[in-house]
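Notes for the structure review
This is what each chain is made of:
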Amino acid sequence: MNDDEEELFEHVLDSLNIPEPDPATKSKIMKAVYFLTVAKEVGAFQASIPITLFDDSDCE
Amino acid sequence: MSSYEPLTDNELIDAIQQGDISAFEELYDRYANKVLKRCYFICLHAETARDLLQEVWIKVFLHLHTFRKQSAFSSWLYRLTTNHCINYTKTKTHLELSTEDTVFQEASKEDSTAGVDVHLLLQKLSLEDRAILAMKFMGEYTYEEIAVICKIGVSATKMRISRLIVKLREEIRS
């Protein structure tokens, strides 16, 4: 990729003068990331439980 | 200054992979605006760009383990952004996305240094042309890859990109 062309493209993007994303957007993303992290940890915990603990064949 | 600021992107990624959500927040702060600009470049719709921004960052979090650190994080991020936005636009008709959105437009007009209404300039380009430019300059796709995606020849791809660059340059200079 040519530096000159890349510079032109960056210039176009900068000229759009897009404002910083609002804090509410960040807050939504961070909440989702938090829930995903918790879900991942719960999933890992469940996966770590030996399957035999769920085996109820001897209960009857 | 946050304690994360001196860290490199790759150091932040290591921290995120160890469950540090604040490191993810720092990564977001570094690149959110750059990603938003790129989303907007493709869809030209402020509200859609904000939605895409959220989706991209959730995707970043979910797929961060696939980033091998063989290139800059920004390259990986911008390619992911390009792919996500292009896939999104494929599901929408041009009409749905062409609705005027004044929020970002007003922001641009206030910029006296711009000298040209870049929004108007981008609206003159077709969605496919913007997608091609995005693939080349945001996603760092090769001409060959773009040719395959667009189902055109490699030389036609080169020609098309070259014409688009000339057009952008002329409009910006005028």
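Computed from a prediction, not measured in an experiment: that's the story for all the values here.

**Things to note about the pattern of salt bridges**
Pairing is possible between side chains that carry opposite charge, provided their charged atoms lie close to one another. By the definition in use, this model includes 13 salt bridges over all chains. Close ionic contact of Arg-30 of chain B with Asp-9 of chain B constitutes a salt bridge, the shortest N to O distance being 2.8 Å. On the criterion of sequence distance, the pair formed by Arg-30 of chain B in helix α2 (residues 21-43) and Asp-9 of chain B in helix α1 (residues 9-17) is long-range, its members being 21 residues apart. Residue class for Arg-30 of chain B comes out partly exposed when judged on its relative accessible area of 23%. A single network of salt bridges, built from pairs that share partners, joins Lys-26 of chain A together with Glu-25 and Asp-29 of chain B.

**What about the nonpolar core?**
Core analysis: the biggest nonpolar cluster contains 65 residues, and Phe-24, Phe-41, Trp-57, Val-60, Phe-73, Leu-77 and Leu-133 of chain B have the highest contact counts within it. Considering every element that reaches this core, the biggest residue donor is α2 of chain B, with 13 residues. Apart from the residues lying within four places of it in its own chain, the contact partners of Leu-133 of chain B are Phe-9 of chain A together with Phe-41, Leu-125, Met-138, Leu-164, Ile-165 and Leu-168 of chain B.

**Focus on helix α9 (residues 143-150) of chain B**
All names here are of chain B. Those residues of α9 that sit buried are Ile-146, Ala-147 and Cys-150. The buried residues of α9 all sit within an arc of 105° when viewed along its axis, so they share a single face. Close packing links the buried residues of α9 with α8 (127-137) and α10 (154-173).

**A short note on helix α2 (residues 23-48) of chain A**
Residue pairs three or four apart in sequence face the same way in an α-helix, which turns once every 3.6 residues. The terminal C-alpha atoms of α2 of chain A lie 37 Å apart, and with 26 residues this matches the ideal 38 Å at 1.5 Å per residue to within 8%. Along α2 of chain A, the residues that are buried comprise Thr-25, Lys-26, Ile-29, Met-30, Val-33 and Thr-37 of chain A. Looking at the packing, one finds that the buried side of α2 of chain A touches α2 and α3 (46-63) of chain B.

What counts, and where the lines are drawn
- Residues numbered from 1 in each chain as written.
- Chains lettered and ligands numbered in written order.
- Predicted model: local features only at pLDDT ≥ 70, side-chain atom pairs only at ≥ 80, totals over all residues.
- Heavy atoms only, no water.
- Salt bridge = Lys/Arg side-chain N within 4 Å of Asp/Glu carboxyl O.
- Helix = DSSP H or I, 4+ residues; strand = E, 2+ residues; numbered from the N terminus.
- Buried < 20%, exposed > 50% of the residue type's maximum accessible area, 1.4 Å probe, protein only.
- Core = buried A, V, L, I, M, F, W, Y, C linked by side-chain atoms within 4.5 Å.
- Contact = heavy atoms within 4.5 Å.
- Arc of directions from axis to C-beta.
- Expected span 1.5 Å × (residues − 1).

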